[in-house]
Amino acid sequence: MSSDGSTFLHSVNRMFDHAVALMDIPPGLAKQIKLANSIYNVRFHVRIRGEYQVFEGWRATHSEHRLPVKGGIRYALNVDQQEVEALAALMTYKCAVVNVPFGGSKGALRIDPKAYSRAELEAITRRFTLELDKKGYIGPALNVPAPDLGTGEREMGWIANTYRLLNPDDINAGACVTGKPVEAGGIAGRVEATGRGVQFGLREFFRHPEDMKLAGLDGTLDGKRIVVQGLGNVGYHAARFLQDEDGAQIVAIIERDGAVIDDDGLSVESVRDYLSETGGVKGYPDGRYEEDGTTVLEHECDILIPAALENQVTADNAGAIQARLIAEAANGPVTYEADQVLRDAGRVVIPDFYLNAGGVTVSYFEWLKNLAHVRFGRLQRRIMETRIESAISAIEELVGRKISEEHAKILSQEYDELNLVRSGLDDTMREAYQKIRELFHARADVPDLRTAAFIVSIDKLVHYYEEYAL
């Protein structure tokens, strides 16, 4: 629960209700879309260090309007059923808004992964997979997990291997989970995907002067001052890409033990290395340390990127936020009440279920790759290289001189899996944002991008239920 009394699920449902009030939906259908279809709560034991330990987990299926349903598995001590329900609902809206043909799901295990050895975590993860499989909450055609807080490629590899052992006659068993290591059937670019999607979403926002003006911004991302909360997988990749490729200045990084600040710009890579070595940012030599990291959310900047946990910006601190643009890289970092405060103060929020959709988008690509049993680019790579080489030769013959090295490099860009994945993700983020902003600017009664995104998403769900649902 947040400091202003809002639960994560409360905020998600209030935001949903706010959008539905502006739509014409058949009676009863909004309730069907809003509520989770099913929730599996499981308790199981694993023998660890000579004793039996009991673990509690959940898998929520929010909407089965499209199958399979999709959503990560979170390992955290403070997780509960309401959090899982909220995350599953956001997955439904997220998939719909970026046109990924999945329903929404989410899973969690109440555990501190740092308290267990690698072998112990493997045993726990494999047993959790067994429990999910027994009840039909995992499978390439039904329910496809992915990494989330506290899990990563390693855990997804264990899950995939366990499912394959349990279902040896399923030729598509590898597609039962995404976010796997590349050598175990994963896809290039999945680890960076959510952070890369944040970058692509911000780039698209900055392509529209009308939208930038609402946030009191202009120009490009180059030189923009950014505060990042959370240097985990999402925050790290988003911050690094924005710094290295777009010229943004990362002026503050907030972590669990406080924050480090440098108004001239921090080195994301350097802070990440220090964090990996020490477990925190306290003592980082090239910045000013602030023990109360949450206050640094209010630090003067152009863009605030909350990339940690839900309920970080509440009614209590929203009025002090100085950032003109809040880019929600985490799920639910802004409560419903705080969202209203920010809107009244003229702040612009790019909503979470659009901006952090890079992970599920690339997971979709991985799922397709696993079903096709061939990596992207394998069949056409060499023929495309030959065509590009022929095109360069034809251009040089036509103009009577060699083209520049820079242009040759652009034209000769590798037609490999990583570049194809990035291209597909960029196109997805661009197209989805354009649909959101078009609705926002077309309707005077739609107050912000979040409400517009909800309407775009819910409208697709309504259409599917009306036309195809049993």
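Residues numbered from 1 in each chain as written. Predicted model: local features only at pLDDT ≥ 70, side-chain atom pairs only at ≥ 80, totals over all residues. Heavy atoms only, no water.

Visitor: So what's going on with the overall build of the protein? Residues and values would help.
Guide: Of regular secondary structure, the protein possesses 16 helices and 13 strands. Against the globule reference of 23 Å for 470 residues, the protein gives a C-alpha radius of gyration of 23 Å, in line with a compact fold. Along the three orthogonal principal directions, the C-alpha set of the protein runs to about 75 × 55 × 55 Å. Buried positions account for 55% of the 470 residues belonging to the protein. Accessible area of the protein: about 20,300 Å², with a carbon and sulfur share of 49%. In the protein, which carries 53 positive and 70 negative side-chain charges, the distance between the mean positions of the two groups comes to 5 Å. (Helix = DSSP H or I, 4+ residues; strand = E, 2+ residues; numbered from the N terminus. Rg over C-alpha atoms; globule rule 2.2 N^0.38 Å. Buried < 20%, exposed > 50% of the residue type's maximum accessible area, 1.4 Å probe, protein only. Areas by Shrake-Rupley, 256 points an atom, 1.4 Å probe, with all protein chains shown as cover. Lys, Arg positive; Asp, Glu negative; His and termini not counted. Charge placed at Lys NZ, Arg CZ, Asp CG, Glu CD.)

Visitor: Go over the packing of aromatic side chains with me, naming the residues and quoting the values.
Guide: Taken as a whole and judged by the stated rule, the model has 17 aromatic pairs. On the basis of an interplanar angle of 40° and a centroid distance of 6.1 Å, the ring pair of Tyr364 and Phe365 is categorised as tilted. Given a relative accessible area of 18%, Tyr364 falls into the buried group. Among the aromatic residues, those joined into a cluster by ring pairs are Phe16, Tyr93, Phe353 and Phe454. A cation over an aromatic ring shows up here: Arg196 above the ring of Phe241, its NZ or CZ 3.5 Å from the ring centre. Over the ring of Tyr236 we find Arg272, and its NZ or CZ is 4.2 Å from the ring centre. (Phe/Tyr/Trp six-rings, centres within 6.5 Å; stacked < 30°, edge-to-face > 60°. Lys NZ or Arg CZ within 6 Å of the ring centre and 35° of its normal.)

Visitor: With reference to specific residues and values, describe the side chain of Lys180.
Guide: Topologically, Lys180 is positioned in the loop between helix 5 (153-166) and helix 6 (193-205). From its side chain, Lys180 meets the backbone oxygen of Gly174 in a polar contact 2.9 Å long. Of note is the side chain of Lys180, whose polar atom sits 2.8 Å from the side chain of Asn370. Those residues within four positions of Lys180 in sequence are excluded, and the remaining contacts are Glu153, Met156, Ala160, Gly174, Gly185, Gly186, Ile187, Glu366 and Asn370. (Polar contact = N/O pair within 3.5 Å; in protein donor to acceptor, adjacent residues only side chain to side chain. Contact = heavy atoms within 4.5 Å.)

Visitor: Please set out the pairing of strand 5 (residues 103-110) residue by residue, giving values where relevant.
Guide: Burial analysis of strand 5 places 7 of its 8 residues in the buried class, which makes it a mostly covered element. Where strand 2 (residues 51-61) meets strand 5, 5 bridges bridge the pair, whose relative direction is antiparallel. Its bridge partner lying in strand 5, Thr61 is registered against Ser105. Bridge analysis of strand 4 (residues 73-76) against strand 5 gives 4 bridges, and the strand direction is parallel. Note on strand 5: the bridge partner recorded for Tyr75 is Leu109. (Pairing = 2+ DSSP bridges.)

Visitor: Give a description of the pairing of strand 1 (residues 38-48) that names residues and reports values.
Guide: The pairing of strand 1 with strand 2 spans 11 bridges and is antiparallel. Directly across from Ser38, in strand 2, lies its bridge partner Thr61. Counted along the chain from strand 1 to the antiparallel partner strand 2, the turn is 2 residues long, and its residue Arg49 has a positive phi close to 55°.

Visitor: Provide a residue-level description of the sheet that holds strand 13 (residues 348-350), including the pertinent values.
Guide: Hydrogen bonding along the main chain pairs the strands of a sheet, whether they run parallel or antiparallel. The sheet built from 7 strands is open, its strands ordered 10-9-8-7-11-12-13 with mixed pairing. Edge positions in the sheet fall to strand 10 (288-290) and strand 13, since each has one partner strand and no second. The mean inter-strand angle of the sheet, taken between neighbouring strand axes irrespective of direction, is 20°. One ladder, built from 2 bridges, connects strand 11 (residues 303-306) with strand 12 (residues 325-327); its direction is parallel. Bridging from a neighbouring strand, Leu304 pairs with Ile326 of strand 12. (Axes fitted to C-alpha atoms, helices over the stretch in contact; angles between N-to-C directions.)

Visitor: How would you summarise helix 1 (residues 8-20) if you had to cite specific residues and measurements?
Guide: If you check helix 1, its first and last C-alpha atoms are 19 Å apart, about what 13 residues at 1.5 Å a residue would give, namely 18 Å. Here helix 1 has its buried residues at Phe8, Leu9, Ser11, Val12, Asn13, Met15, Phe16, Ala19 and Val20. Structurally, helix 1 contributes buried residues whose contacts are with helix 2 (29-34), helix 3 (81-97), helix 10 (336-344) and helix 16 (449-467). (Expected span 1.5 Å × (residues − 1).)

Visitor: Quick one: what's the story with a nonpolar patch on the surface, residue by residue and with numbers?
Guide: A surface patch of nonpolar side chains, about 310 Å² in accessible area, is lined by Ile395, Leu398 and Val399. Along the chain, Val399 turns up in helix 13 (residues 381-399). (Patch = residues over 30% accessible without salt bridge, like charges linked within 9 Å, V, L, I, M, F, W, Y side chains within 5 Å. Salt bridge = Lys/Arg side-chain N within 4 Å of Asp/Glu carboxyl O.)

Visitor: Describe in detail the environment of Gly71, supporting the description with residues and values.
Guide: Secondary-structure assignment places Gly71 in the loop between strand 3 (69-70) and strand 4. Taking the C-alpha atoms as reference points, Gly71 and Ser390, 319 residues apart in sequence, are found 44 Å from one another. Discounting chain neighbours no more than four positions away, the residues touching Gly71 are Arg59, Met91, Ser105, Lys106, Val144, Pro145 and Ala146.

Visitor: Please provide a residue-by-residue account of the packing of helix 1 against helix 3, values included.
Guide: Axes are the key here: two packed helices are described by the angle between their axes and the distance separating the axes. Between helix 1 and helix 3, the least distance of the axes is 8 Å, while the angle of their chain directions is 35°. The crossing of helix 1 and helix 3 is left-handed. In this structure, helix 1 uses Phe8, Leu9, Val12 and Phe16 to contact helix 3, whose residues at the interface are Gln82, Glu83, Glu85, Ala86, Leu87, Ala89, Leu90 and Tyr93. Of the residues in the contact of helix 1 with helix 3, the class split is 9 nonpolar, 1 polar and 2 charged. (Left-handed = near helix turned anticlockwise from the far one by under 90°. Nonpolar A, V, L, I, M, F, W, Y, C, P; charged D, E, K, R; others polar.)

Visitor: Run through the packing of helix 3 against helix 16, naming residues and quoting values.
Guide: Between helix 3 and helix 16, the least distance of the axes is 8 Å, while the angle of their chain directions is 85°. If you check the angle between helix 3 and helix 16, you find them roughly perpendicular. Of the residues in helix 16, those touching helix 3 at Thr92, Tyr93, Ala96 and Val97 are Ala453, Phe454, Val456, Ser457, Lys460 and Leu461. The residue inventory of the contact of helix 3 with helix 16, partitioned by class, reads 7 nonpolar, 2 polar and 1 charged. (Parallel < 35°, antiparallel > 145°, perpendicular 65-115°, else oblique.)

Visitor: Explain unusual backbone geometry to me, using residue names and the numbers behind them.
Guide: Of the consecutive residues Leu67 and Pro68, the connecting peptide bond is found in the cis state with omega at 0°. Examined against the element boundaries, Pro68 turns out to sit in the loop between strand 2 and strand 3. Look at Arg49: it is not a glycine, yet its phi comes out positive at around 55°. Among the secondary structure elements, Arg49 is positioned in the loop between strand 1 and strand 2. Under the relative-accessibility criterion, Arg49 is labelled exposed at 58%.

Visitor: Pulling in residues and values, what's your account of helix 3?
Guide: In this model helix 3 runs 25 Å from its N-terminal to its C-terminal C-alpha over 17 residues, within 8% of the 24 Å that 1.5 Å per residue would give. With 15 of 17 residues buried, helix 3 lies mostly within the body of the structure. Where helix 3 starts, the residue carrying a side-chain oxygen 3.3 Å from the main-chain nitrogen of Gln82 turns out to be Asp80. Of the residues one or two after helix 3, Asn99 is the one with positive phi, at around 60°.

No statement about biological role is implied by the geometric values presented.
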